[in-house]
Amino acid sequence: MTEPIRRFDDPVLRAVAAPVRDFDRELRRLVKSLTLTMRAGAGRAGLAAPQLGVPLRVLVYAYDGASGHLVNPRLELSPRRITADEACLSAPGVWWPLERSYMVTARGRDMFGKSVTVRALGVLARVLQHEADHLDGVLFSDHLEASERERFLAAALPSE
Ligand SMILES: [Zn+2]
């Protein structure tokens, strides 16, 4: 049940994803697909539904023993920010330094509609920010300055 991950230039990655309203079997299937696809590759720490072509506000994460999913997440970011290398499964193999908040409190629902809160710092906080961005059609290159972004896109989307 793993599925192909959409590439950086796919328009579905630019759409603002819709909130989930039905906490039904379809949603649970989606969470399962996201989780299996994330776990199918080494070093994969997160995945958002638009990356499988599904425009819904759902993400999964797994890092250092912490793993789970969030539906309709809202993030509260710490003012303290740090820079670290970051990558996107939609642009495999390209790592780029990016400043993000060090701590995140994410509130949302699980696939049964129950409220959940996830507090994270460091890499996991970065993963949650990255995946939540995907739900708003934001790619991590959008956070780079123009000249950096050009270099990033040249690396992420090699001409064929
Ligand atoms: Zn990504």
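Residues numbered from 1 in each chain as written. Predicted model: local features only at pLDDT ≥ 70, side-chain atom pairs only at ≥ 80, totals over all residues. Heavy atoms only, no water.

### A few points about the UniProt feature "active site" (unreviewed entry) in the protein chain
Mapped onto this numbering, the UniProt entry annotates "active site" (unreviewed entry) at Glu131. Structurally, the position occupied by glutamate 131 is in helix 2 (residues 123-135). Residue class for glutamate 131 comes out buried when judged on its relative accessible area of 5%. Discounting residues that sit within four places of it in the chain, glutamate 131 has contacts with Gly46, Leu47, Ala48, Gln51, Leu59 and Val60. (UniProt positions renumbered as here; feature names shortened; annotations may be inferred. Helix = DSSP H or I, 4+ residues; strand = E, 2+ residues; numbered from the N terminus. Buried < 20%, exposed > 50% of the residue type's maximum accessible area, 1.4 Å probe, protein only. Contact = heavy atoms within 4.5 Å.)

### Examining the layout of surface pockets
Roughly 460 Å³ of volume is contained in the largest pocket. In this structure, the largest pocket is lined by 25 residues; those nearest its centre are Gly43, Ala45, Ala87, Trp95 and Val127. Mapped onto the lining of the largest pocket, the elements with two or more residues apiece are strand 4 (81-86) and helix 2. The residue makeup of the lining of the largest pocket, split by class, is 13 nonpolar, 7 polar and 5 charged. In this structure, the second largest pocket spans a volume of roughly 220 Å³. Lining the second largest pocket are 13 residues; nearest its centre among them are Glu26, Leu27, Arg29, Leu30 and Val54. Split into classes, the residues belonging to the lining of the second largest pocket amount to 7 nonpolar, 1 polar and 5 charged. (1 Å grid on protein atoms, 1.4 Å probe; cavity = no way out; pocket = protein on both sides within 12 Å on 5 of 7 lines; lining within 4 Å. Points joined across faces, edges and corners; volume = space filled by probe spheres on them. Nonpolar A, V, L, I, M, F, W, Y, C, P; charged D, E, K, R; others polar.)

### Quick notes on the environment of alanine 66
On the secondary structure map, alanine 66 appears in strand 3 (residues 66-77). For alanine 66, a relative accessible area of 27% translates into the label partly exposed. Distance in space between the C-alpha atoms of alanine 66 and alanine 45 is 9.9 Å, their sequence separation being 21 residues. With residues near it in sequence (within four places) discarded, alanine 66 still touches Tyr61 and Leu124.

### Some remarks on the UniProt feature "binding site: Fe cation" (unreviewed entry) in the protein chain
The UniProt record marks Cys88, His130 and His134 with the feature "binding site: Fe cation" (unreviewed entry), using the residue numbering of this structure. Maximum C-alpha separation among the annotated residues is 10.1 Å over a sequence range of 47 residues, consistent with a single clustered spot. Restricting the annotated residues to those that line the largest pocket leaves Cys88, His130 and His134. Position of cysteine 88 among the secondary structure elements: in the loop between strand 4 and strand 5 (96-101). By relative accessible area, which is 4% here, cysteine 88 ends up buried. Leave out the neighbours within four places in its chain, and cysteine 88 touches Phe8, Gln51, Val94, His130, His134 and Phe140.

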